[in-house]
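# Architecture at a glance
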Amino acid sequence: MEEALVRAPLPRELLKVLGVEPQSGSKAAAFTEAFLGSSLQRPGNHDLKNLLSHKAVILGYARPKKQKTKRSSKRAKGLTAQQKKALKVFQIRPEHQRYELFLPLHDLWRRYVLDLCAGLKPTCSPQFVQQKLLKADLHGAIITVVRSKCPSYVGLSGILLQEFKHVFKIITREDRLKVIPKRNSVFSVEVNGFVSHIYGSRLKMQLLG
């Protein structure tokens, strides 16, 4: 309802029916302001004239709810240890057990380590190279058993093909696939003249971490 309509005088016929006397414009305006002032809750720091000058009042507002997309809780499950064993995932076929087939893997590993050790300059300290190799991926490295609880393992050398929790699997220059336990064994790794000795138990702990 507009302000002009609120302040419009009542018709004479309606005044007689209601039994009221007509009032002057100033009195009617004062009555309207007083009535609205007692009926409406005015916000702080606002007078009634400012309130009446508003053309629209927001009664309420609710933000539209975003529709939540349900993410699939199902994740792709990998193969179990038994399934891998049944499928012979880690088995290297006899026709592939040839040292020369894995020489490109060794070349890739050498480039990887050179990158990791900032070029392996002659000024690099052996301790620096040792720490880098302990954290590096050794697949493709040529490792040699220099100490072992079992004397028959000492001197074995080859390209590391697979690393498991407790053992290394290497291919020797004689095209023989060997499985060497990490425990109670010490291995040497040579890169560009730098020779590092690594304890198998340390590698076992790193793999578990």
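Residues numbered from 1 in each chain as written. Predicted model: local features only at pLDDT ≥ 70, side-chain atom pairs only at ≥ 80, totals over all residues. Heavy atoms only, no water.

Looking up the protein in an unreviewed UniProt entry gives the name Ribonuclease P protein subunit p29, with the organism given as Oryzias sinensis. The UniProt entry for the protein carries the following comment under Sequence similarities (unreviewed entry): "Belongs to the eukaryotic/archaeal RNase P protein component 1 family." In its Function (unreviewed entry) section, UniProt records this for the protein: "Component of ribonuclease P, a ribonucleoprotein complex that generates mature tRNA molecules by cleaving their 5'-ends." (UniProt positions renumbered as here; feature names shortened; annotations may be inferred.)

## Focus on the overall build of the protein
Helix and strand content of the protein: eight helices and six strands. Along its sequence from the N terminus, the protein presents helices and strands in the succession α-α-α-α-α-α-α-β-β-β-β-β-β-α. Here the protein, with 209 residues, has 22% of them falling under the buried criterion. Nonlocal contacts in the protein, meaning residues at least 24 apart in sequence, comprise 48% of its contacts between residues at least 6 apart. Total accessible area on the protein stands at roughly 16600 Å², and carbon and sulfur atoms take up 55% of it. (Helix = DSSP H or I, 4+ residues; strand = E, 2+ residues; numbered from the N terminus. Buried < 20%, exposed > 50% of the residue type's maximum accessible area, 1.4 Å probe, protein only. Contact = heavy atoms within 4.5 Å. Areas by Shrake-Rupley, 256 points an atom, 1.4 Å probe, with all protein chains shown as cover.)

## Observations regarding the pattern of salt bridges
Counted under the stated rule, the structure contains two salt bridges. Arg 98 is paired through a salt bridge with Glu 100; the nearest N and O atoms lie 2.2 Å apart. On the basis of relative accessibility, which here comes to 36%, the residue Arg 98 falls in the partly exposed class. Across the salt bridge formed by Lys 182 and Glu 163, the nearest N and O atoms sit 2.8 Å from each other. Taken together, the residues Lys 182 in the loop between strand 4 (177-181) and strand 5 (185-191) and Glu 163 in strand 2 (residues 157-163) connect sequence positions 19 residues apart. Judged by its relative accessible area of 0%, Lys 182 falls in the buried class. (Salt bridge = Lys/Arg side-chain N within 4 Å of Asp/Glu carboxyl O.)

## Notes on the sheet that holds strand 4
With respect to topology, six strands assemble into an open sheet ordered 4-3-2-1-5-6, the strand pairing being antiparallel. Looking at strand neighbours, the two that pair on one side only are strand 4 and strand 6 (194-199), the edges of this open sheet. The mean inter-strand angle of the sheet, taken between neighbouring strand axes irrespective of direction, is 45°. With six bridges joining them, strand 5 and strand 6 adopt antiparallel strand pairing. (Pairing = 2+ DSSP bridges. Axes fitted to C-alpha atoms, helices over the stretch in contact; angles between N-to-C directions.)

## What to know about the nonpolar core
If you look at the biggest cluster of nonpolar residues, it comprises 23 residues, and the most contacted ones within it are Trp 109, Ile 143 and Val 189. Counting only elements with at least two residues in this core, the list comes to helix 6 (103-116), helix 7 (126-135), strand 1 (142-148), strand 3 (167-171), strand 5 and strand 6. Excluding its chain neighbours within four sequence positions, the residues that come into contact with Val 189 are Trp 109, Leu 133, Ala 141, Ile 142, Ile 143, Phe 194, Val 195, Ser 196 and Ile 198. Core analysis: the next-biggest nonpolar cluster, separate from the first, contains six residues, Ile 92, Tyr 99, Phe 102 and Ile 159 among them. (Core = buried A, V, L, I, M, F, W, Y, C linked by side-chain atoms within 4.5 Å.)

## Remarks on helix 7
Taken as a whole, helix 7 has its buried residues at Val 129, Leu 133 and Leu 134. For helix 7, the angular spread of buried residues about the axis comes to 135°, placing them on one side. Opposite the packed face of helix 7, turned more than 90 degrees from it, sit the exposed residues Gln 127 and Lys 135. (Arc of directions from axis to C-beta.)

## Let's talk about the packing of aromatic side chains
Overall, the coordinates contain one aromatic pair when judged by the stated rule. Look at Phe 168 and Phe 187: their rings are 5.0 Å apart centre to centre, the planes differ by 80°, and that puts the pair in the edge-to-face class. With Phe 168 in strand 3 and Phe 187 in strand 5, this residue pair connects regions lying 19 residues apart in the sequence. We classify Phe 187 as buried; its relative accessible area is 1%. (Phe/Tyr/Trp six-rings, centres within 6.5 Å; stacked < 30°, edge-to-face > 60°.)

## With respect to the environment of Gln 131
Note that Gln 131 resides in helix 7. Separated by 65 residues in the primary sequence, Gln 131 and Ser 196 have C-alpha atoms spaced 9.5 Å apart.

## Examining the pairing of strand 6
Of the two faces of strand 6, the one lined by Phe 194, Ser 196 and Ile 198 is fully buried and the one lined by Val 195, His 197 and Tyr 199 carries no buried residue. If you look at the hairpin formed by strand 5 and strand 6, you'll find two residues sitting between the two strands, and Asn 192 has a positive phi there, around 50°.

## A closer look at helix 6
Every α-helix winds through 3.6 residues per turn, so residues three or four apart in the chain are directed the same way. With 14 residues, helix 6 ought to run about 20 Å at 1.5 Å a step, and its terminal C-alpha atoms sit 20 Å apart, in line with that. For helix 6, the set of buried residues is His 106, Trp 109 and Val 113. Burial along helix 6 is one-sided: seen end-on, the buried residues are contained in an arc of 60°. Among the exposed residues of helix 6, those pointing more than 90 degrees away from its buried face are Leu 108, Arg 111 and Asp 115. As for helix 6, its buried residues are in contact with helix 7, strand 1, strand 2 and strand 5. Just downstream of helix 6 lies Ala 118, where phi reads positive at about 55°. (Expected span 1.5 Å × (residues − 1).)

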